[in-house]
Amino acid sequence: MNIIRQTPADFLPNPSVPDRVIWTLTSDGNFSAKSAWEACRHRNSFQPWHTLVWFSQGVPRWSFIAWLAILGRLSTKDRLVRWGMVVPPLCSLCLVDIESHSHLFFDCQISKMIWRQILARNGITRPVLPLAQELEWAVQSRQGKSLRDSLYKLFFGGNGT
């Protein structure tokens, strides 16, 4: 009772006004899923490759896999072994080297053969690059909206990276 007597009058509930919940994370006080998402998500710094992965003609499933691969988050065999799983660490495609993101998508001889054909069919005359260099090249060369750029992005995402 002592607390109520010491509370300023404008802080006390007014029985003539119905109670309402105010969501302070929006300007209008109304809750939305978007405002909840924005409040709890962690924003990373801008990634120059985001339009290489997320673009209007992209296949969402392919884009998601490419995104995970670029971040090094796919369950490749090298990661499974680090997690303590007992799996043969060799690449599922070539059975020669240890399967990692970089090896699986760009360093494996089978992946390189596929990439050579993709590059040749797109008029790109250069060797197949490792993942980090391929990303750098694509960011500099294939960020537009032309048919050639869109096809490269589809091939990039459709390859799993």
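Keep in mind that this is a model prediction, so the values were computed, not measured.

A. Spatial organisation of the overall build of the chain. Of regular secondary structure, the chain possesses nine helices and zero strands. Listed N to C, the secondary structure of the chain is α-α-α-α-α-α-α-α-α in terms of helices and strands. Here the C-alpha atoms of the chain give a radius of gyration of 26 Å, more than 25% beyond the 15 Å that 2.2 N^0.38 yields for 161 residues. Seen through its C-alpha atoms, the chain measures out along the principal axes to roughly 80 × 45 × 20 Å. Sorting the 161 residues of the chain into buried and exposed places 32% on the buried side. Residue pairs in contact within the chain that sit at least 24 positions apart in sequence constitute 40% of those at least 6 positions apart. Here the chain has roughly 11,300 Å² of accessible surface; of this, 61% comes from carbon and sulfur atoms.

B. Expanded view of the pattern of salt bridges. A complete count under the given rule lists three salt bridges for this structure. Residue Arg82 is joined to Asp78 by a salt bridge in which the shortest nitrogen-to-oxygen separation is 3.7 Å. A residue pair is termed a helical-turn pair when its members lie 3 or 4 positions apart in one helix, as Arg82 and Asp78 do in helix H5 (residues 77-82) at four residues. Judged by relative accessible area, Arg82 falls into the exposed class, the value being 60%. For Asp78, a relative accessible area of 18% puts it in the buried group. Residue Asp149 is joined to Arg142 by a salt bridge in which the shortest nitrogen-to-oxygen separation is 3.4 Å. Taken as a pair, Asp149 and Arg142 share a single burial class, namely buried.

C. Fine view of the packing of aromatic side chains. What the rule picks out here adds up to six aromatic pairs. Ring geometry for Phe106 and Trp115: centres 5.2 Å apart, planes at 25°, overall stacked. Pair check on accessibility: Phe106 and Trp115 agree, each one buried. Arranged with centres 5.9 Å apart and planes meeting at 45°, the rings of Trp115 and Tyr152 form a pair that is tilted.

D. Unusual backbone geometry, seen in detail. Backbone geometry places Leu95, a non-glycine residue, at a positive phi of 55°. You can see Leu95 is positioned in the loop between H5 and helix H6 (101-107). When its relative accessible area of 58% is taken as the criterion, Leu95 is described as exposed.

E. Structural detail: the nonpolar core. Phe106, Trp115, Leu135, Tyr152 and Phe156 are the most contacted members of the largest nonpolar core, which totals 25 residues. When residues of this core are traced back to their parent elements, those giving at least two are helix H3 (50-53), helix H4 (60-70), H6, helix H7 (109-121), helix H8 (131-141) and helix H9 (147-158).

F. Just H8, in detail. Turning to H8, its buried residues are Leu131, Glu134, Leu135, Trp137 and Ala138. Projected onto a plane normal to the axis of H8, the buried residues spread over an arc of 165° and lie on a single side. For H8, the exposed residues set more than 90 degrees away from the buried face come down to Ala132, Glu136 and Gln140.

G. Summary view of the side chain of Ser35. Along the chain, Ser35 turns up in helix H2 (residues 33-40). For Ser35, a relative accessible area of 9% puts it in the buried group. Polar side-chain contacts of Ser35 include one of 2.8 Å to the side chain of Trp23. The contact partners of Ser35, leaving out residues within four places of it in the chain, are Trp23, Leu25 and Thr26.

Procedures and definitions
Residues numbered from 1 in each chain as written. Predicted model: local features only at pLDDT ≥ 70, side-chain atom pairs only at ≥ 80, totals over all residues. Heavy atoms only, no water. Helix = DSSP H or I, 4+ residues; strand = E, 2+ residues; numbered from the N terminus. Rg over C-alpha atoms; globule rule 2.2 N^0.38 Å. Buried < 20%, exposed > 50% of the residue type's maximum accessible area, 1.4 Å probe, protein only. Contact = heavy atoms within 4.5 Å. Areas by Shrake-Rupley, 256 points an atom, 1.4 Å probe, with all protein chains shown as cover. Salt bridge = Lys/Arg side-chain N within 4 Å of Asp/Glu carboxyl O. Phe/Tyr/Trp six-rings, centres within 6.5 Å; stacked < 30°, edge-to-face > 60°. Core = buried A, V, L, I, M, F, W, Y, C linked by side-chain atoms within 4.5 Å. Arc of directions from axis to C-beta. Polar contact = N/O pair within 3.5 Å; in protein donor to acceptor, adjacent residues only side chain to side chain.

Any functional reading would require information beyond the geometric quantities listed.
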